[in-house]
Every structure is written in C-alpha cells, then in structure tokens.
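Listed below, chain by chain, are the residues.
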Amino acid sequence: MGHRCVPAGVSVRSSQPSVGFVTIAGAGPGHPELITLLAARRLREADVILYDRLIDQEILSLASPAAQLEDVGKRPGSGAEQQRRIIELLIDYALAGKRVVRLKGGDPLVFGRGAEESLALQEAGIPFEIVPGVTSALAAPAYAGIPLTHRELSRAFAVITGKAASGEAPSQDEIDWVSLARFKGTLVFLMAVETLEVVSARLIEAGLSPTTPAAMIQDATLGSQRVVTSDLGHIADEAQRAGIESPSVLIVGEVVSLRDKIDWARTRPLFGKTILVTRPAERSSEIASALRDMGAGVIVAPSIKTKILEHSDELKDAVERAVGGGFSWLVFASRTGVEAFFTILQSCGGDARSLAGTKVACVGAATATALNERGIRPDFIPRRSTAAALASDLPLGYRAEQLLIVQARGGRPELSQVLRERGFDVEVAEAYETIKPEARDERLQRARKLLSERKIFAVVFASASQVENFTELFGAELAPPIVVCIGPTTADAATKAGIEPSAIAAEQSVAGLVEALVEAVRSAEERIK
C-alpha cells in the first residue's frame, strides 16, 4: 500500500475525511543540526509530537508553540507495554485529524521499531510517511575519525544490534556469529554497552582475531563525545575502566587504526568542553551553533524569558509618535528592543519607511544587525559596545529636541540619565520585560544536575539579568570554572553576585562572546600545563 506525503494544509482523500497524517521521522544522532530539512519542516507543521527520551531540546524547539509535545521514551522495563501505548497514541491522534510526528533518535528504521509502527498504521488505515534520519551507525565513526570503508582495509560494513529483545547479547540462533567473524569489512554494533563483554567474546570464539582494532564511541556527534580504542580482546575492559555509558557505538575492524590520523573533531578549540548558555530559548540558537562549531557541547538552559509588551499603551503611543515624526532620534540598547518596537510598528501597519527622517542609534553589532534586517541602517553605533559609550559618545552636533530610548521594563537608568545631563530631551519606552522561568523547567533541572556534578566547564552571560536569574535559580556557588560576560555591565553584575568573570567580550556580539571564551579556555589550559 503506497502513502503520499501530505504537508500542512493539504487534505487527505480517505474513507475517513477527518483522518490526520503521521510522519515517522529520524532526529539524527544527537547533534541538533544533523536533523534533515524535511524532518525540521514536519516538526514546524505538527499538531502533536511524540518524541523519544534522548531527543535534544533544541530540536524540539523547532515545533510550533501551539504543538502538543509528549515524551514517550521508553524507561527500563517498560519496553513492550510502552510500545503498545505509543502505537495507540499515534492512531488515536491521527483519527482525531491531527498532524502527528513520531520523532525517533537516529533513523527510524535502524533498530528504531519504526517498522512496527508503520505496520500498525497501515493496518489501521492511517496515511503516513517515513522521513529518514542520520543513524549513529554512520555518524559515530565519522565524528570519531573512523571511516567505515577504505579501499585497502574495508570494502563493506555491517550494522548489528548488540542487544536482543531479551536484553541480552544476541544468541547464535539470532545472529550468525561465525559469518560475522569471517566478514571482510567493518562491524558496527549499536546498543552494545551492557553486552560488550559477551559480544567481544562471541566474535573471538567465532574466529575473529582478538587483536582486531576496536573502538567504543559514547555520545557521538556531541561535545561530550568520548572515544576509547583498543583491540577486540581488551575493548570491554578499557571501556569499563573509562566509564563508557549508553548511548555508545562499537566499531570493530582494521579501519579503527586510521583514527589517529583522521580524528578531526579533537582539533577544535572547545572539544570536550560543555558550555552552559543562559540566553532565552528563542535567542540561543546562534550562539549554540557557534559553540558547537568550536567543538563544544552546549546545554541551553534559559535563565530568562523575554515577553514583548504588546498591550502597553505607553509603547503603542511612543511608536505612533515615532511614525508621526515626534522623535528626532530612536535609541535601541538591545536586539530584543528592536524586535519589540517593530512588532508594534507592524501591527500598526507600518514598516521601516514609516521612520523616514528619524535618526537611529544602537548599542552593539547584534542590535545593528536586527535593525539592518528590518531595512534600517543605524546612523550612530559607538565604538565600544556599551550603553555608557553610546550616552557619552553621541556627538553633540547630533543633539535633538526629543530622543526615544527603547529598553526593557525596569532597565538600568544610566543611559537616559547621562543623555539628559548632556542636554538631550529624553523619553523612555519600555518595550519588553524579562521573566525568570519556573525552576521546574526540565532544561533548568538538567542544568542544575550537571552544575552540581561539575560537568559544565563554562557559562556565557549575555546580560546582567541572566546573571541575576542564574544566581537565584542555581546559586553563585554552582558557577563553573570559566565565566564569560558579554560586556562590563554584565561583568559588574556577576561580580556583585559573587561570581568572578574569567573574561569579558571585546565586542558585544555572539562572535565576541565565543572569541573571549576560546581565549579563556586556552589560558586556563596553559595554566594547568
């Protein structure tokens, strides 16, 4: 029976006119940016997302705010019963007319029980599609610098489960171990951590040399990735000694010997370091991607949320006056202020053209970029990316009768005070507010656990409010060894909170934060040497 891909907004011809549609999709091996474009689009379109336990929160953030997300990941001992429940949910939601995404780690058809779910949907008459994902069987060796094939060493590879339905290593009846031992290629075992000793022993008993190179790869593609290499006869002992845990992949074959020459991931400056990002979730993807590009593992745990004051009469009045030419200058101290101002401007039917004749000043490269994206080229940006620099450096020749500062509710008054002292007629419009998230937020709970276990190497703060909320949520005593602040105001807030900054970004931008972090890590490693 064939099934058509039915995107959002396209009806399905069926005996049940209200029937929905199910996408069984692979989320990839762990790295959030290794999800496919089609899977990402289906997440944005979904009404309901049923996801596995190890799916990264950044992938789940692709979902529509209106989507219903359910963690259906299996826990120890709940396999068969939970799988039946998942199938029931898929069918029930689809029959209710929902667009459903069943999101699985890796590829849904590689030991992912996607076949069972597909057969159940087919039997129930539910239209569905399967969106492949990057399986860890391919991604783990690639990120460890181990090619699965090589013209001289391996012309084939096999992917095998390390765990049978019973939870034990597969028996001779389930897997032909003799054939695997004779296989002229690379062996890739998934789910083999708990059965590693038995799997190794069975391969050796079947005739594979105990000196065959082998590797165990934990947390493949993530900044926390760990690799242990040895030979088949000793890999179980070495993995246990190193504390290798699930999820891990076992690679057996001569290609493992090439790792020392191809191991590209280990050359990145933040390789093996876990970094905590405290920016709001909707603003964290840029810095998270930049940190991952440097080899870091990233934990996104927003210590603040931002909320645009869309119903503020004061803000609406200020925007309307700006459109009417009531201000000679608009001053933006943050990207969020730009987003809030233009949200109100657009709701009033205006755009960049509505501000013709009004000069614009801003603090920092990120704020300037936000303005550029909306068709505004700032007339003045201070060389130092601070509000104090803008206040002191705005040329006197540009003095205006009225100047509007767009900032956060309860924002620091220094910018407006200094400008008033210099003779400007200043008005302040509070465009958004920062809110401390609930402590029971799953991301915050995970961050607290890792901070308590000292598994986070550094934290980056992009505002004073992030520092203040971090100390309220976690306590200054849980701050990691490296603390990087986006500017002096944020650094002052950290110092007052009892957190000593390790570095301050020279430029108030994502690039500046990352550069300062890399330098701080380099300095710390040199001191250790």
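Quick caveat: nothing in here was measured; it's all calculated off a predicted structure.

Peer 1: When you look at the packing of aromatic side chains in this model, what are you seeing that I'm missing?
Peer 2: Each aromatic ring pair is described using two quantities: the centre-to-centre distance and the angle formed by the ring planes. Counted by the stated rule, this structure contains 6 aromatic pairs. Judged by centre distance (6.1 Å) and plane angle (10°), the ring pair of Trp-177 and Phe-189 falls under stacked. With Trp-177 in helix H6 (residues 177-182) and Phe-189 in strand S7 (residues 186-190), this residue pair connects regions lying 12 residues apart in the sequence. When its relative accessible area of 2% is taken as the criterion, Trp-177 is described as buried. Judged by its relative accessible area of 0%, Phe-189 is buried. A cation sits over an aromatic face here: Lys-273 above Phe-457, 5.4 Å from the ring centre.

Peer 1: Before we go on, may I ask you to explain the environment of Ile-59 in this structure?
Peer 2: Mapping Ile-59 onto the fold places it in helix H2 (residues 57-60). Considered as a pair, Ile-59 and Gly-114 are 55 residues apart in the sequence and their alpha carbons are 19 Å apart. Setting aside anything within four residues of it in sequence, one finds Ile-59 in contact with Ala-27, Pro-32, Ile-35, Leu-43 and Leu-103.

Peer 1: So what exactly am I meant to see when it comes to the sheet that holds strand S6 (residues 157-161) here?
Peer 2: Pairing between sheet strands relies on hydrogen bonds along the backbone, with the strands arranged either parallel or antiparallel. Spatially, 5 strands are ordered S6-S7-S10-S8-S9 in an open sheet, and the strand pairing comes out mixed. Two strands lie at the open edges of the sheet, namely S6 and strand S9 (226-231), each paired on one side alone. Adjacent strand axes in the sheet meet at a mean angle of 20° when their direction is disregarded. With 5 bridges joining them, strand S8 (residues 213-218) and strand S10 (residues 248-252) adopt antiparallel strand pairing.

Peer 1: Would you mind going over the side chain of Ser-154 with me for this structure?
Peer 2: Here Ser-154 is to be found in the loop between helix H5 (136-143) and S6. In terms of polar contacts, Ser-154 uses its side chain to reach the backbone carbonyl oxygen of Leu-148, at 3.2 Å. A distance of 3.0 Å separates a polar atom in the side chain of Ser-154 from a polar atom in the side chain of Thr-186. Every residue in contact with Ser-154, bar those within four places of it in the chain, is listed here: Leu-148, Thr-149, Gly-185, Thr-186 and Val-255.

Peer 1: Explain the pattern of salt bridges to me, please; I cannot follow it from the model alone.
Peer 2: When their charged atoms lie close together, side chains carrying opposite charge are able to pair. The tally for this structure, following the rule as stated, stands at 26 salt bridges. Ionic pairing is found between Arg-292 and Glu-58, a salt bridge with its closest N-O pair at 2.6 Å. Highlighted residues: Arg-292 in helix H10 (residues 285-293) and Glu-58 in helix H2, separated in sequence by 234 residues. Neither Arg-292 nor Glu-58 differs from the other in exposure class; each is buried. For the salt bridge of Glu-373 with Arg-335, the shortest nitrogen-to-oxygen distance reads 3.0 Å. Taken together, the residues Glu-373 in helix H13 (residues 365-373) and Arg-335 in helix H12 (residues 335-347) connect sequence positions 38 residues apart. According to the relative accessible area criterion, Glu-373 is exposed, its value standing at 52%.

Peer 1: Explain the confidence of the model for the protein chain here, please?
Peer 2: Should pLDDT be low for a region, the predicted coordinates there are not to be read in detail. Summary statistics for the protein chain give a mean pLDDT of 89 and a share of 94% for residues scoring 70 or more. pLDDT under 50 marks residues 1-16. Its contacts with residues more than four places away, or in other chains, come to 25 contacts.

Peer 1: Even after reading the chapter, I still don't get the environment of Gly-145, so can you show me in this structure?
Peer 2: Positionally, Gly-145 belongs in the loop between H5 and S6. In this structure the C-alpha to C-alpha distance between Gly-145 and Leu-258, which are 113 residues apart in sequence, comes to 7.4 Å. Non-local contacts of Gly-145, meaning those with residues more than four positions away in its chain, are made with Leu-258, Arg-259, Ile-262 and Asp-263.

Peer 1: Would you explain helix H19 (residues 510-528) in this entry?
Peer 2: The periodicity of an α-helix, 3.6 residues per turn, causes residues three or four positions apart to be oriented the same way. Spanning 19 residues, H19 covers 27 Å between terminal C-alpha atoms, matching the ideal 27 Å at 1.5 Å per step. Those residues of H19 not exposed but buried are Val-510, Gly-512, Leu-513, Val-514, Ala-516, Leu-517, Val-518, Ala-520, Val-521 and Ala-524. In the core, the buried residues of H19 are packed alongside strand S11 (274-277), H10, strand S18 (458-461), strand S19 (482-485) and strand S20 (503-504).

Peer 1: Would you explain the nonpolar core in this entry?
Peer 2: As a rule of thumb, soluble globular proteins bury nonpolar side chains together. In terms of nonpolar packing, the biggest core is built from 27 residues, with Leu-330, Phe-332, Phe-341, Phe-342, Leu-355, Leu-371 and Leu-404 touching the most fellow members. Within the residue set of this core, elements represented by two or more residues are helix H11 (313-323), strand S14 (329-332), H12, strand S15 (359-362), H13, strand S16 (403-408) and strand S17 (426-435). In terms of residue count, the dominant contributor to this core is H12 (6 residues). When residues no more than four places from it in sequence are discounted, the contact partners of Phe-342 are Ala-352, Leu-355, Leu-371, Arg-374 and Ile-376.

Peer 1: How should I be thinking about unusual backbone geometry in this particular structure?
Peer 2: Most peptide bonds take the trans configuration, and most residues that are not glycine carry a negative phi. With an omega dihedral of 0°, the bond running from Ser-246 to Pro-247 counts as a cis peptide bond. Its identity is not glycine, yet Arg-113 carries a phi of approximately 60°, on the positive side. Tracing the backbone shows Arg-113 in the loop between strand S4 (99-104) and helix H4 (114-124). At Asp-219, a position not held by glycine, the phi torsion is positive, near 55°. By the element assignment, Asp-219 lies in the loop between S8 and S9. You can call Asp-219 buried: its relative accessible area is 16%.

Peer 1: I keep staring at the side chain of Arg-42 and nothing clicks. Help me out?
Peer 2: Summarising the element assignment, Arg-42 is placed in helix H1 (residues 37-45). Within polar-contact distance, the side chain of Arg-42 engages the side chain of Glu-45 at 3.0 Å.

Peer 1: Would you mind going over the pairing of S4 with me for this structure?
Peer 2: One face of the sheet, then the other: side chains in a regular strand alternate in exactly this way. Most of S4 is tucked away: 5 of the 6 residues are buried. Two strands pair when backbone bridges link them, and strand S1 (residues 21-26) and S4 are joined in this way by 6 bridges, in the parallel orientation. The partner of Gly-26 across the bridge, within S4, is Lys-104. In this structure, strand S2 (residues 48-51) lies alongside S4, joined through 4 bridges in parallel fashion. Residue pairing across strands places Val-48 opposite Val-100, the latter belonging to S4.

What counts and what doesn't
- Throughout this description, residue numbers start from 1 for each chain and increase along the sequence as written.
- Totals for whole chains, interfaces and linings use all residues, but because this is a predicted model, local features are given only for residues with pLDDT of at least 70 and pairs of side-chain atoms are given and counted only at 80 or more.
- Calculation of side-chain values draws on the structure's entire complement of heavy atoms; hydrogens and water are dropped beforehand.
- When two rings of Phe, Tyr or Trp (its six-membered ring) have centres within 6.5 Å they constitute a pair, described as stacked for plane angles under 30 degrees, edge-to-face for angles over 60, and tilted for the intermediate range.
- Secondary structure elements are taken from DSSP: a helix is a run of H or I of four residues or more, a strand is a run of E of two residues or more, and numbering for both begins at the N terminus.
- Burial classification: accessible surface area is computed with a 1.4 Å probe over protein chains only, and a residue below 20% of its type maximum counts as buried, one above 50% as exposed, and the rest as partly exposed.
- Distance and angle both matter: a charge sits over a ring if NZ of Lys or CZ of Arg is within 6 Å of the ring centre and within 35 degrees of the ring normal.
- Pairs of residues are marked as contacts when any of their non-hydrogen atoms sit within 4.5 Å.
- When DSSP finds two or more bridges between a pair of strands, those strands are recorded as paired.
- Angles here are taken between N-to-C directions and fall from 0 to 180 degrees, while the axes themselves are lines fitted to C-alpha atoms, restricted in helices to the stretch in contact.
- Pairs of N or O atoms are called polar contacts if they sit within 3.5 Å, as long as, within protein, a hydrogen donor faces a hydrogen acceptor (for residues adjacent in sequence, only side-chain-to-side-chain pairs).
- When a carboxyl oxygen of Asp or Glu is within 4 Å of a side-chain nitrogen of Lys or Arg, the pair counts as a salt bridge.
- How sure the predictor is of each residue is captured by pLDDT, a score from 0 to 100.
- Here, expected helix span is obtained from the residue count minus one, scaled by 1.5 Å.
- Side-chain atoms within 4.5 Å are what join buried Ala, Val, Leu, Ile, Met, Phe, Trp, Tyr and Cys residues into a set we call a nonpolar core.

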